[in-house]
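# Observations on the three-dimensional arrangement
Residue-level listing of the chains:
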Amino acid sequence: MSPPSLEVADIFREHGAAWRRANAGHVSLGQLKVMSAIESCRTAVLGGHVARCQNCAHTLIAYNSCRNRHCPKCQGAVAKEWLAERAAELLPVPYYHVVFTLPAPISDIAYQNKAVIYGILFKAAAETLITIAADPKHLGARIAITAVLHTWGSALTHHPHVHIIVPGGGIAPDGSRWVSCRPGFFLPVRVLSRLFRRLFLEKLMAAHEAGRLRFFGDHIHLAERDAFATYLSPLRKTEWVVYAKRPFGGPEAVLAYLSRYTHRVAISNNRLIASDNNGVTFKWKDYRANGRERQKIMTLGTFEFIRRFLIHVLPSGFHRIRHYGLFANTTRIKNIARARELLAVPKPIGDTIKADGANPDEPPTLNYPCPCCGGPMIPAFARTIETFERGATARYKPSAPAGAIRIDTS
């Protein structure tokens, strides 16, 4: 598959410096670091190595990737490893997809308090599902949750919501049996919505009283307790959006979905169409439309495109993939083993096969084929050709006509 002709990195390299000058004093250190990483990704700035085809000896330069989690080109290897781990945990039951979305007034203040409010979103959504699922009137079981945070809409607007993948059932409170949900139905959406609203607002108000929230610009008055309570008052009466989708077609469909959503931020390079004097043009989905009308084209001014991309930069160290309930990290292995025992399914043997198939005497191959013959490419550290440091250039003359290609070395 050929790489996209236009990348976010290209836009940043051409217009990033001017954007930073125009917005000096209004750009966070985290956003600056993301811009720098994306601009440098797979260029000589980060160094690289010369790789050679094991079959035809074709050589080329592979520049190092930045490995920043916001980079549209990186995280490929991390995503594959993560998905392999999740594949080993899949259970032979239907899986459900539930989405918890914050209302617009909360989204407005979430941008100024990302770590706190995104964290509350995770906790309130997970607690809602666990509480309702444990109720004997609904399921009466302990469930497993994998949650993924998204902060963007298709048009790159700030739209915080969390996607949750849940097996269709759970372990009975006494651990004696697996409790399956009704076919095609997980939990009542209206009940989830109202509990989620209450839990979120309680936790948000507690964060305000603890002095964990900060407000700027038009929202600076919300630092006062009474003003903040007044701001939240209408939200206690409106319906909050909790969307439960139909169950996935099977475990493979779960992995296919997760592979598109877990290790991606804001926009993929494949959605970009053009960058010119008119701005940046890209594909987006209008979820209010149906059928073919849902697929649309949007053009934003270049500076506005950069601004919208950067509002989705996450706080340093913030985890956007989290696990709760039976999948909580402290008891994960034990709970999955018990669920498999109750469902009478064997333990997966993927890890054993992988270990048995490894040959330490064979040189490691890179994750891309030779552009000439399709053979395995051997990196410099396995067949000593040449490596070069950040900012340096390769002395070895590669076979590639262009002199270098941009390769995912993450």
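Located above this text is the structure these notes cover.
Read on for a plain summary of the structure. Keep in mind the model is a prediction, meaning the values are calculated, not measured.

Bringing empty space enclosed by the protein into the picture now. Within the structure shown, the criterion is met by two cavities of 30 Å³ or more. The space that makes up the largest cavity amounts to roughly 100 Å³. Of all the secondary-structure elements, those providing two or more residues to the lining of the largest cavity are strand E5 (158–167) and helix H8 (251–261). A per-element tally of the lining of the largest cavity places E5 first, with three residues. Among the residues forming the lining of the largest cavity, the class breakdown is eight nonpolar, one polar and two charged. Here the second largest cavity defines a volume of roughly 40 Å³.

Once that is clear, we can look at the pattern of salt bridges. Following the criterion strictly, the structure yields 14 salt bridges and no others. Here Glu 85 and Arg 86 are joined by a salt bridge, their closest N and O atoms 3.8 Å apart. Across the pair Arg 86 and Glu 89 runs a salt bridge whose closest N-O atoms are separated by 2.9 Å. Side by side, Arg 86 and Glu 89 carry an identical accessibility label, which is buried. One salt-bridge network, in which partners are shared between bridges, spans Glu 85, Arg 86, Glu 89 and Arg 332.

All of the buried residues in H8 are Val 254, Tyr 257, Leu 258 and Tyr 261. Each buried residue of H8 sits inside an arc of 95° when the element is viewed along its axis, so together they form one side.

A word on the sheet that holds strand E10 (residues 279–285). Hydrogen bonds between backbone groups are what pair the strands of a sheet, and the pairing can be parallel or antiparallel. Read across the open sheet, the three strands follow the order E9-E10-E11; overall the sheet is antiparallel. The sheet terminates laterally at strand E9 (272–276) and strand E11 (295–300), the two strands that pair on one side only. Taken pair by pair, the neighbouring strands of this sheet meet at an average axis angle of 20°, ignoring direction. Sheet topology places E10 next to E11; six bridges connect them, and they run antiparallel. Looking at E11, one finds that Thr 281 is bridged to Thr 299.

Here the focus is the sheet that holds strand E3 (residues 95–101). Spatially, E8-E3-E5-E4-E12 is the arrangement adopted by the five strands of the open sheet, whose pairing is antiparallel. The sheet is open, and its two edges are formed by strand E8 (242–245) and strand E12 (321–325), each paired on a single side. Neighbour-to-neighbour, the strand axes of the sheet open up by a mean angle of 25°, direction not taken into account. Note: strand E4 (residues 144–152) against E5, six bridges, orientation antiparallel. When the bridges of E5 are listed, Ala 147 appears paired with Ile 164.

Moving on to the environment of Ala 62. Here Ala 62 lies in strand E2 (residues 59–63). For Ala 62, a relative accessible area of 0% puts it in the buried group. For the pair Ala 62 and Ala 51, spaced eleven residues apart in sequence, the C-alpha separation works out to 6.8 Å.

Glancing now at the packing of aromatic side chains. Scanning the entire structure with this criterion turns up ten aromatic pairs. With centroids separated by 5.7 Å and ring planes inclined at 50°, the aromatic side chains of Phe 215 and Phe 228 adopt a geometry described as tilted. Residue Phe 215 is located in the loop between helix H6 (189–209) and helix H7 (225–232), and its partner Phe 228 is located in helix H7; the two are separated by 13 residues in the primary sequence. Here Phe 215 and Phe 228 have matching classes, each one buried. Taken together, the aromatic side chains of Phe 100, Phe 196, Phe 200 and Trp 240 make up a single cluster linked through ring pairs. The lysine or arginine in question, Arg 182, covers the ring of Phe 185, its NZ or CZ lying 4.4 Å from the ring centre.

Rules behind the numbers
- Residues numbered from 1 in each chain as written.
- Predicted model: local features only at pLDDT ≥ 70, side-chain atom pairs only at ≥ 80, totals over all residues.
- Heavy atoms only, no water.
- 1 Å grid on protein atoms, 1.4 Å probe; cavity = no way out; pocket = protein on both sides within 12 Å on 5 of 7 lines; lining within 4 Å.
- Points joined across faces, edges and corners; volume = space filled by probe spheres on them.
- Helix = DSSP H or I, 4+ residues; strand = E, 2+ residues; numbered from the N terminus.
- Nonpolar A, V, L, I, M, F, W, Y, C, P; charged D, E, K, R; others polar.
- Salt bridge = Lys/Arg side-chain N within 4 Å of Asp/Glu carboxyl O.
- Buried < 20%, exposed > 50% of the residue type's maximum accessible area, 1.4 Å probe, protein only.
- Arc of directions from axis to C-beta.
- Pairing = 2+ DSSP bridges.
- Axes fitted to C-alpha atoms, helices over the stretch in contact; angles between N-to-C directions.
- Phe/Tyr/Trp six-rings, centres within 6.5 Å; stacked < 30°, edge-to-face > 60°.
- Lys NZ or Arg CZ within 6 Å of the ring centre and 35° of its normal.

These results come straight from atomic positions and should not be treated as a statement about function.
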